[in-house]
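Report on the structure
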Amino acid sequence: MPLLNPVPSLSTFLRALRRDLTAGERAGLASGPEAARAHDVFGKRPASWRNYAWETDHVQAPLLVDADGDLVRPWITWFIDTATKVITGTAVTPGHPSRASVLAALRAAVVRDDPYGPAGGVPELVRMDRGKDFLSAAVTTALGAMGVTVKDLPAYSPHLKGTVESLNRAADRMLFAALPGYTAGPTRPRSERRGRPARALSAQSFQDFTAEVLEWTNWWNTAHRPKALSGRTPLEAWQADPTPVTDIPAADLWAFTLEDDGRPRKLTNHGVSWRGRTYTAAWMTGQAGRQVRVRYMPHHDHEIEVCDACGRHLGPAHLADAATPEQLQALREARAERARRLRADTKAAERLRRQRFAPATSAEPAQRLGAVTAAQAERELAASDYTDVARLALPDLIPPAPPPAYWRTPPALAAGTAPAPPASASADVAPEPDSRPAGDAT
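Throughout what follows, the structure given in this document is the object of discussion. As the structure is a prediction and not an experimental result, all values here were calculated from the model. (Residues numbered from 1 in each chain as written. Predicted model: local features only at pLDDT ≥ 70, side-chain atom pairs only at ≥ 80, totals over all residues. Heavy atoms only, no water.)

Moving on, we come to the pattern of salt bridges. Under the defined criterion, the tally for this structure stands at 14 salt bridges. For the salt bridge of Arg340 with Glu337, the shortest nitrogen-to-oxygen distance reads 2.5 Å. Of the two residues, Arg340 and Glu337 both sit in helix H11 (residues 325–353), three residues apart, roughly one turn of that helix. On the basis of relative accessible area, Glu337 is assigned to the partly exposed category, the value being 33%. Through salt bridges that share partners, Asp57, Lys161 and Glu165 make up one connected network. (Salt bridge = Lys/Arg side-chain N within 4 Å of Asp/Glu carboxyl O. Helix = DSSP H or I, 4+ residues; strand = E, 2+ residues; numbered from the N terminus. Buried < 20%, exposed > 50% of the residue type's maximum accessible area, 1.4 Å probe, protein only.)

Next up, the structure:
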């Protein structure tokens, strides 16, 4: 009997897909939403002027750099002017960025003195995604103090800040791919990779990588000629724009890009106390007893900035009795060893939890596999008792004092108390009943 709805051939099916699906739908099915977005049509923003709108973003470099002995993937945070395509501020962070990275890049973007500038100033608005670093209280407060409008974009909408996204792609193709340690290139044959540990791969130092990024940023601003600028470099386009630039004095900008501790403090003979540690400086001599306030860069615990009660900057202060580099290295190694032991204990506990049982071919009780000697069991139980806080507390070592004689104590509880002291030494005497009339207060 013939089928009512026969299955079409592959060529017929593919022809139907090409006829009924758009190019964007086909690209999305094949490669995901990013490929589909490349076929979308977006409106073009009208032409603007310099410092009207900046865009900011983090981008992770697909390469490894040596940061104090560790191989890490650095991140770059930058601000770019959408009208002239000039990069106004750049900050490089080994490892994951934070709000401190955004504040450092913002300070470099606004200041126009050496070694920054000449492009910069205060923008009218800044477009950013909804990352917690960009929308942190420190960043939004700093931008608000400068009178900058913050435009936080909807999630999953990189096309709304296309200028900085194009900069990220250009940095990947023009900068990162040419540096040693690049990890997004073609994979070497297995025969070449065999026997070579990860640390044997060539990797730049973080200092050299930062120098490369800053040099490439300078090339972008002074030698690169995007098509949208009609043959001009971004810096030439920025300098040719007659729009006035709003500058902020470096001292005021410094205050805007630091977090405030939030409460007044007092200078003592040992310095100023902050977060349980003492910070000192030579300029504090002769000023003990003065009311001050602390401002700081997030995560920079080695140094703080001290201001007077009115907010005027007094000077920096450094951590007193800071650990030496040798102590810090020993501490890092001890913490790494402790983390390794914890991971090993976790794996051992996981293996113990997932017990294996012997297969059975007849009706018999389940038999656990994995033998442990009596000595091993005693050692592990002793270690568990030593680390168990409840066992270390020894609550029954000193029995509680007996209750007063006039209390009605259940016999079960009275048996667990210490014996009562002699009657002559006892201070717990039952109160005498009050025989006075209820209204007699004299």
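To continue, consider the sheet that holds strand S4 (residues 75–81). Read across the open sheet, the five strands follow the order S5-S4-S1-S6-S7; overall the sheet is mixed. Two strands lie at the open edges of the sheet, namely strand S5 (87–93) and strand S7 (149–152), each paired on one side alone. On average, adjacent strands in this sheet sit at an angle of 20 degrees to one another, irrespective of strand direction. Note that strand S1 (residues 53–60) and strand S6 (residues 125–128) share three bridges and pair parallel. Paired with Glu55 across the strands is Arg127, a residue of S6. (Pairing = 2+ DSSP bridges. Axes fitted to C-alpha atoms, helices over the stretch in contact; angles between N-to-C directions.)

The next point concerns helix H5 (residues 137–145). Here H5 has its buried residues at Ala138, Val139, Ala142 and Leu143. One side of H5 holds all its buried residues, which, seen down the axis, span an arc of 125 degrees. Away from its buried face, by an angle of more than 90 degrees, H5 presents the exposed residues Ala137 and Thr141. Elements in contact with the buried residues of H5: helix H4 (99–110), S6, S7, helix H10 (250–256) and strand S9 (259–260). Looking at the residues trailing H5, positive phi occurs at Gly147, about 80 degrees. (Arc of directions from axis to C-beta. Contact = heavy atoms within 4.5 Å.)

Once that is clear, we can look at the packing of aromatic side chains. Applying the stated criterion to the full structure yields eight aromatic pairs. For the ring pair Trp274 and Tyr296, a centre distance of 4.8 Å and an interplane angle of 45 degrees mean the geometry is tilted. Within this pair, whereas Trp274 is found in strand S11 (residues 272–274), its partner Tyr296 is found in strand S13 (residues 291–296), the two being separated by 22 residues in sequence. Tyr296 carries the same exposure label as Trp274, and that label is buried. (Phe/Tyr/Trp six-rings, centres within 6.5 Å; stacked < 30°, edge-to-face > 60°.)

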